[in-house]
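# Descriptive analysis of the structure
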Amino acid sequence: MREIYRYSIFTIVIMFLAFSFGLVRAMYDTVQDTFSTSVLILHIIFAGITGGFGVYLYMLANKTGLLFPKFIGLGNLVSIGVAGFGGLSYLLTNYALFTKVMLYGFEISLALTSMLIGYLYCFMRYH
């Protein structure tokens, strides 16, 4: 159970860092373009790690044998995929609407990840 708790906290920290690097990137894009590329690379790395932990949480949700955590885990994976699609689409097209798709996908993923972590923590705590 302690391992799940550690990974859960780590997942939230990684998601926060990915969001922070994306925000810093957006702020630097409006002012200057020198520091922006390295921040973008860090943002993409942390977003990839977030996706990996999303898969891990989905696997843990499947181990419970219950439908509710499976649906939350699947919704989390879909929202991470939507955020990734939005981010990559923005990089390829430079169309600003994709940044909103990325942001909303991330926000939904953050909410679902938090819900799934709480549910898994309570479930694994008593089993």
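Residues numbered from 1 in each chain as written. Predicted model: local features only at pLDDT ≥ 70, side-chain atom pairs only at ≥ 80, totals over all residues. Heavy atoms only, no water.

Take the overall build of the chain next. For the chain, the helix and strand inventory stands at four helices and zero strands. The N-to-C order of helical and strand elements in the chain reads α-α-α-α. The buried share of the chain, reckoned over its 127 residues, is 31%. A separation of at least 24 residues holds for 65% of the contacts in the chain among residues at least 6 apart in sequence. Per element, the accessible surface of the chain, about 7900 Å² overall, is 73% carbon and sulfur. (Helix = DSSP H or I, 4+ residues; strand = E, 2+ residues; numbered from the N terminus. Buried < 20%, exposed > 50% of the residue type's maximum accessible area, 1.4 Å probe, protein only. Contact = heavy atoms within 4.5 Å. Areas by Shrake-Rupley, 256 points an atom, 1.4 Å probe, with all protein chains shown as cover.)

Moving on, we come to the nonpolar core. Core analysis: the biggest nonpolar cluster contains eight residues, these being Leu57, Leu60, Ala61, Ile72, Leu112, Leu116, Ile117 and Leu120. Counting only elements with at least two residues in this core, the list comes to α2 (36-64) and α4 (97-125). Looking at this core element by element, the count peaks at four residues for α4. Once residues lying within four places of it in the same chain are set aside, the contact partners of isoleucine 117 are Ser8, Ile12 and Leu57. (Core = buried A, V, L, I, M, F, W, Y, C linked by side-chain atoms within 4.5 Å.)

Glancing now at the confidence of the model for the chain. Chain-level pLDDT for the chain is 82 on average; 86% of the residues reach the 70-or-more range. Predicted confidence in the chain is weakest over helix α1 (residues 2-31), with a mean pLDDT of 72, and strongest over helix α3 (residues 67-93), with 91. (pLDDT = per-residue confidence, 0-100.)

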